[in-house]
Amino acid sequence: MAIGVILALMGTACLIQLANIQLINGKTMAQAAAQSRTITVTLKARRGKIMDTNGSILAQSVERYTIIGNPEEAQAFTPTTCTKQTGDNCHQIDGKPVGATGAAAVARLLAPVLDMDATELGAMLSGTGQYAVLKKDVTPAVKRKISKLNLGGIVYAELSNERIYSNGTLMGALLGGVDGEGKGVAGIEQMENKTLTGEDGYQVYQQGNNGVEIPGTMTESKDAVNGSNVTLTIDHDVQWYVEKVLKESCTKYSSPGVAVVQDTQTGDILALADSDEIEAGSDQAKMTVSRAVSETFEPGSIGKVFTMSGMIQLGLHQASDKFTVPDHITTNGQTYSDATTHGDEHWTLAGILEQSSNVGMIIAAEKMSNEQRYEFISKFGIGQDNGLGLPGEADGLLYSADQWDLRTQNTVLFGQAYTTNALQLTNAVAVIANKGVKKPQRIIKAISDAEGHSEEQKPEGEATRVIDEQVASQVMNAMESMSDHYSQFVKVDGYRVAAKSGTAEVAGADGRLSSIISDYSAIIPADNPRFVVTVVLKDPQGVYGGLTAGPVTAEIGEFLMQKYEVPASSPRTDAIPVTW
């Protein structure tokens with residue numbers, strides 16, 4: 001009877017509890033159970049592509065997965081022996097039993113698929129909690145193999161992206177790279193990070209014990225929006241060739257170099273290269289700025305182009321004006337010399353540029369005030385932000401005229417006592433090619449959103465006239481004579497070239513004027529300008545820009561003429577005399 005009473009009381013208690021669970025607190029209990037099964041899964045947006053002007057992919061994000069383990073579930077795992085009854089829902093390694101339980105068993109099953117050490121995996125799964133990152137950037141193929149291991153609820157995959165750079169060192173430092181969170185931290189990846197970055201989505205649903213979504217339980221979702229694609233003005237083929245030539249010149253002249261190729265008609269940058277070999281996306285790329293962007297230097301005698309332009313624009317001279325030029329001159333207690341010793345020469349202003357005479361420039365600029373000298377150097381864009389927005393770009397330095405000393409006021413006439421970078425110098429020379437108009441440069445050609453809508457990107461700023469067309473014509477004529485002067489070493493068969501070389505002493509590592517910058521900037525073809533090519537070498541064997549940077553420039557020019565099938569030049573018939 002006592003036992004009966006006890007059983008009756010227990011049955012009554014059970015009925016009361018059952019009524020409490022199902023009738024009184026049923027809804028609350030169900031909600032709590034559903035809540036415990038409900039998870040929010042992030043849908044990762046894919047970062048946009050970076051492409052060259054022709055659509056060749058330079059950087060892209062590909063589908064990858066992060067493999068996650070649940071240590072608590074792993075430690076409670078017992079492998080299922082493979083029999084006829086269990087079918088494929090079992091666990092074995094090469095047809096044999098796993099031979100362990102818990103985290104060790106999970107590690108043994110997973111290690112061959114992830115190509116990881118089983119002991120290392122076992123340690124990762126032996127911790128506390130329910131979340132442990134086992135491996136990142138796993139391919140979809142590996143993820144599918146993991147799905148066949150019957151480890152649902154213990155091991156699962158989260159969608160992610162891996163940034164791939166398919167061209168190795170091409171544009172390495174210029175492209176830059178992304179950090180572990182996929183954020184651009186250097187180069188164009190950093191400059192265009194906002195455009196390239198998408199917006200993650202999410203899904204809210206309930207999952208079963210095996211970690212799989214319970215059908216029909218999704219309550220909320222938002223699709224991921226991928227980042228926009230960025231198309232550059234850079235031409236992959238031109239960039240590749242320019243980098244190749246620079247690397248070869250590095251060996252030939254024992255000199256690191258940088259180079260720029262610009263389309264004169266649009267201001268588009270077709271190549272922006274240096275001789276460094278840095279893998280795009282590497283740690284080095286993330287910490288290094290392309291020298292073509294960051295390095296500044298004195299342009300040397302290329303600066304005479306701006307001085308001559310100013311003289312003619314101000315009406316002080318014409319290119320045909322005659323001068324008697326010695327090899328040295330002393331003024332205000334300062335002595336200046338030409339690069340070579342010579343007697344009194346009879347040169348026109350065009351001849352002074354052709355011979356690259358420092359003394360001639362000082363004589364011709366006698367009536368040009370310091371303010372006017374500064375004005376024209378500045379008008380050509382020297383020492384100013386060019387609007388491209390590239391990370392790490394240095395503007396160079398041009399002091400105002402009131403800060404010049406007695407020597408500086410004359411050295412600025414031939415490209416010393418101020419600094420520029422290769423991009424600025426190229427655009428300054430392009431003023432002559434564009435008949436006196438300075439056009440803004442551009443390196444971002446277009447932006448395409450996730451839905452495929454493409455928008456052409458306009459360059460920053462407006463075109464401005466620097467000098468009159470007839471002034472630019474005279475300077476171009478003199479530059480072509482200068483190019484002819486070096487034709488034994490620098491030429492592009494079938495095409496006329498207008499160019500200017502430069503050689504400048506600059507401070508070396510010892511802080512003294514122990515280093516040499518040799519540069520060469522060329523307009524090609526001179527009779528129908530299409531491109532400006534600038535090459536800058538540091539401490540080359542051969543020293544002078546016309547003998548070192550010049551041949552490299554010509555090699556690039558020859559490639560451009562062939563690639564773009566530019567018609568051959570007509571014969572030159574209008575050369576301004578260079579002597580009298």
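The structure reproduced in this document is the subject of the present report. (Residues numbered from 1 in each chain as written. Predicted model: local features only at pLDDT ≥ 70, side-chain atom pairs only at ≥ 80, totals over all residues. Heavy atoms only, no water.)

1. Looking at the pattern of salt bridges
When the charged atoms of two side chains with opposite charge come close together, those side chains can pair.
Phase 1 of the analysis: Under the criterion given, the structure shown has 17 salt bridges.
Phase 2 of the analysis: Note that Lys563 and Asp235 form a salt bridge whose closest N and O atoms lie 3.6 Å from each other. Highlighted residues: Lys563 in helix H20 (residues 549-563) and Asp235 in the loop between strand S10 (229-232) and helix H10 (236-253), separated in sequence by 328 residues.
Phase 3 of the analysis: Accessibility expressed as a relative area gives 30% for Lys563, which makes it partly exposed.
Phase 4 of the analysis: The buried category is assigned to Asp235, whose relative accessible area is 2%.
Phase 5 of the analysis: Where Glu480 meets Arg496, a salt bridge forms, and the shortest distance between an N and an O atom there is 2.6 Å. With Glu480 in helix H19 (residues 469-485) and Arg496 in the loop between H19 and strand S21 (498-506), the pair connects residues that are 16 residues apart, well separated along the chain. For the residue pair Glu480 and Arg496, the accessibility class agrees, reading buried in each case. (Salt bridge = Lys/Arg side-chain N within 4 Å of Asp/Glu carboxyl O. Helix = DSSP H or I, 4+ residues; strand = E, 2+ residues; numbered from the N terminus. Buried < 20%, exposed > 50% of the residue type's maximum accessible area, 1.4 Å probe, protein only.)

2. Things to note about the environment of Ser501
Phase 1 of the analysis: Looking at the element boundaries, Ser501 is found in strand S21.
Phase 2 of the analysis: In sequence terms Ser501 and Asp519 are 18 residues apart; their C-alpha atoms lie 5.8 Å from each other.
Phase 3 of the analysis: Residues within four places of Ser501 in sequence aside, it is in contact with Ser301, Ile302, Met482, Tyr486, Asp519, Tyr520, Gly545 and Gly546. (Contact = heavy atoms within 4.5 Å.)

3. Considering the pairing of strand S18 (residues 444-448)
Phase 1 of the analysis: The buried fraction of S18 amounts to four of the five residues, a majority that puts the element mostly inside the structure.
Phase 2 of the analysis: By the bridge criterion, four bridges tie S10 to S18 in an arrangement that is antiparallel. By the bridge assignment, Val230 is partnered in S18 with Ile447.
Phase 3 of the analysis: Relative to strand S19 (residues 454-456), S18 runs antiparallel, the two being bridged by three bridges. From the neighbouring strand, Ser448 faces S19, where its bridge partner is Ser454.
Phase 4 of the analysis: Where S18 hands over to S19, the hairpin turn is made up of five residues, of which Gly452 adopts a positive phi near 90°. (Pairing = 2+ DSSP bridges.)

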